[in-house]
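# Examining the three-dimensional arrangement
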Amino acid sequence: ERARLARLRHTPAITLDGQRIELHANIELPGDTGPALDAGATGVGLFRSEFLFMNRNGELPSEDEQFEAYRAAVEAMRGMPVTIRTVDVGADKPLDRMSVNELRHEHVLNPSMGLRAIRWSLAEPSMFRQQLRAIYRASAFGHVKLLLPMVAHLSEIRQVQDAIRRVKQQLDDAGQAYGLVELGVMVEVPAAALMLPLLLRHVDFISIGTNDLIQYTLAIDRADEAVAHLYDPWHPAVLHLLASSISQARAAGKGVSVCGEMAGDALFTDLLLGMGLNCFSMHPSQIPSVKQRVLRADTQRLAAAIPRILESEEPGRTALEALASQRLH
Ligand code: PEP
Ligand code: MG
């Protein structure tokens, strides 16, 4: 089994009909690039930078400390893309109490709908510019992509672009090097999926965060056991948002990946391939099982099954039948 997994690591993820599929890793700290490379990841699709900010007894990481962490990840990946997401604090990922109080955000009515993620960053401009400078500085050492969490408004992208212009000017003035950095947004609020053609005009790529997209589409707290049975990736509304987001991004010639849990669950690999997805980002341990699915998939045949699934009143059951009949073993 070990030998088989080792062989699989070096096998490119190419479907039976010759489509090359990127299998990227989700990481929390730079050290996670080790397991990612061991698993055969061809990039980092999601570096959850908030983990550098959590559990620090009230102190936030300095620009230099962040830069060192991003550079370590970028260098470890040796030219492969590293997608760094700006801090996604709030809700299920709280800063510790002291940092939150210092930043005057102690009265949170509903953390998952409050001042979190990009909203928090835009409310803390000097902290945000430090993070942007650290990310841009790391881009001098490899292939960096910048990803914004929880975007729901065009104005958020515009504000970030202004901040980026300012940060680049500061780096130019200080004689500090940086590379080309593509800008992308998470699609994890239904509003973003529903206005995607507008967002796509302003970004280079999107990454679909199914964990939050399901939570906000179905109004189901992703961490609440009492409603866990209603947290349904097969819900027709979720499938429609997924399918339309993937096809609109592709039609616009923009990169699209899925980085929520669905991307790492082999149960959904055929579905996502059929929808046209060619970049999956997941926990490194999930890469081998998803790759095995990819190696046995014919995306043309899977695509033919998608309309029936989207029209079905029981998409989960229809998908199992329709996709299984398209899969070659
Ligand atoms: C998601 O929401 O699907 C996602 C990948 O981000 P996180 O799980 O960090 O919220
Ligand atoms: Mg999310």
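Residues numbered from 1 in each chain as written. Chains lettered and ligands numbered in written order. Predicted model: local features only at pLDDT ≥ 70, side-chain atom pairs only at ≥ 80, totals over all residues.

### Structural notes on the overall build of the protein chain
Counting its secondary structure elements, the protein chain contains 15 helices and 8 strands. Here the C-alpha atoms of the protein chain give a radius of gyration of 20 Å, agreeing with the 20 Å that 2.2 N^0.38 yields for 329 residues. The C-alpha extent of the protein chain, read off along each of the three principal axes, is 60 × 45 × 35 Å. Here the protein chain, with 329 residues, has 45% of them falling under the buried criterion. For the protein chain, the share of sequence-separated contacts (at least 6 apart) that also reach a separation of at least 24 residues comes to 71%. (Helix = DSSP H or I, 4+ residues; strand = E, 2+ residues; numbered from the N terminus. Rg over C-alpha atoms; globule rule 2.2 N^0.38 Å. Buried ≥ 20, exposed ≤ 12 C-beta atoms within 10 Å, placed from the backbone. Contact = placed C-beta atoms within 7 Å.)

### Concerning the environment of phenylalanine 51
Among the structural elements, phenylalanine 51 can be located in the loop between strand 2 (44-48) and helix 3 (63-76). A sequence separation of 23 residues divides phenylalanine 51 from glutamate 28, and the C-alpha atoms of the two residues are 5.8 Å apart. Look past the residues within four positions of phenylalanine 51 in its chain and what remains in contact with it is Glu28 and Leu29.

### Thoughts on helix 7 (residues 154-173)
Under the 1.5 Å per step criterion, the end-to-end length of helix 7 is 29 Å for 20 residues, consistent within 8% with the ideal 28 Å. Looking at helix 7, one finds that the buried residues are Glu156, Val160 and Val167. Considered in projection along helix 7, the buried side chains sweep an arc of 30° and stay on one side of the axis. Turned more than 90 degrees away from the buried face of helix 7, the exposed residues are Ser155, Arg158, Asp162, Arg165, Gln169, Asp172 and Asp173. Looking at the buried side of helix 7, the elements it contacts are helix 5 (117-123), helix 6 (125-138) and strand 4 (143-148). (Expected span 1.5 Å × (residues − 1). Arc of directions from axis to C-beta.)

### What about the packing of helix 6 against helix 7?
Where helix 6 meets helix 7, the closest approach of the two axes is 10 Å, and the angle between their N-to-C directions is 60°. Considering the angle they form, helix 6 stands oblique to helix 7. Once helix 6 is placed against helix 7, the crossing between them reads as right-handed. In this structure, helix 6 contributes Pro125, Phe128, Arg129, Leu132, Arg133 and Tyr136 to the contact, and helix 7 contributes Ala163, Ile164, Arg166, Val167, Lys168, Gln170 and Leu171. (Axes fitted to C-alpha atoms, helices over the stretch in contact; angles between N-to-C directions. Parallel < 35°, antiparallel > 145°, perpendicular 65-115°, else oblique. Left-handed = near helix turned anticlockwise from the far one by under 90°.)

### Structural notes on the site of ligand 1
In the vicinity of ligand 1, the contacting residues are Leu46, Arg48, Asp88, Glu188, Gly209, Thr210, Asn211, Asp212, Cys259 and Gly260. Within the residue set of the shell around ligand 1, elements represented by two or more residues are strand 2 and helix 10 (210-218). Broken down by element, the shell around ligand 1 gets its largest block of residues, 3 residues, from helix 10. Tallied by class, the residues present in the shell around ligand 1 amount to 2 nonpolar, 4 polar and 4 charged. (Near = placed C-beta within 6 Å. Nonpolar A, V, L, I, M, F, W, Y, C, P; charged D, E, K, R; others polar.)

### A look at the packing of helix 3 against helix 6
It is at 8 Å that the axes of helix 3 and helix 6 come closest, and there the two elements cross at 35°. Judged by the sense of rotation from one axis to the other, the crossing of helix 3 with helix 6 is right-handed. Where helix 3 approaches helix 6, its residues Glu63, Gln66, Phe67, Tyr70, Arg71 and Val74 are matched on the opposing element by Gln130, Gln131, Arg133, Ala134, Ile135, Arg137 and Ala138.

### Comments concerning the pairing of strand 3 (residues 81-85)
Counted residue by residue, strand 3 has 5 buried out of 5 residues, so it is predominantly covered. Burial of the side chains of strand 3 extends over both faces: Pro81, Thr83 and Arg85 are buried on one face and Val82 and Ile84 on the other. Bridge count for strand 2 against strand 3 is 3 bridges, and the pairing is parallel. Looking across to strand 3, one finds that arginine 48 is bridged to arginine 85. Note that the unit made of strand 2, helix 3 and strand 3 has a crossover that is right-handed. The sheet contact formed by strand 3 and strand 4 spans 5 bridges and is parallel. The residue bridging proline 81 from the neighbouring strand is histidine 143, located in strand 4. (Pairing = 2+ DSSP bridges. Right-handed = clockwise from strand over helix to strand, strands pointing away.)

### So, helix 11 (residues 236-251)
When the terminal C-alpha atoms of helix 11 are compared, their 22 Å separation across 16 residues agrees well with the 22 Å that a helix rising 1.5 Å per residue should span. If you check which residues of helix 11 are buried, you get Val238, Leu239, Leu241, Leu242, Ala243, Ser245, Ile246 and Ala249. At the exit of helix 11 stands glycine 253, carrying a positive phi of roughly 75°.

### A few points about the pairing of strand 1 (residues 22-27)
Of all 6 residues in strand 1, 5 are buried, a share of seventy percent or more. Of the strand pairs in this sheet, strand 1 and strand 8 (residues 279-282) are connected by 4 bridges, and their pairing is parallel. The residue of strand 8 that forms the bridge with alanine 25 is methionine 282. When strand 1 meets strand 2, the two strands line up parallel, connected through 3 bridges. From the neighbouring strand, asparagine 26 faces strand 2, where its bridge partner is leucine 46.

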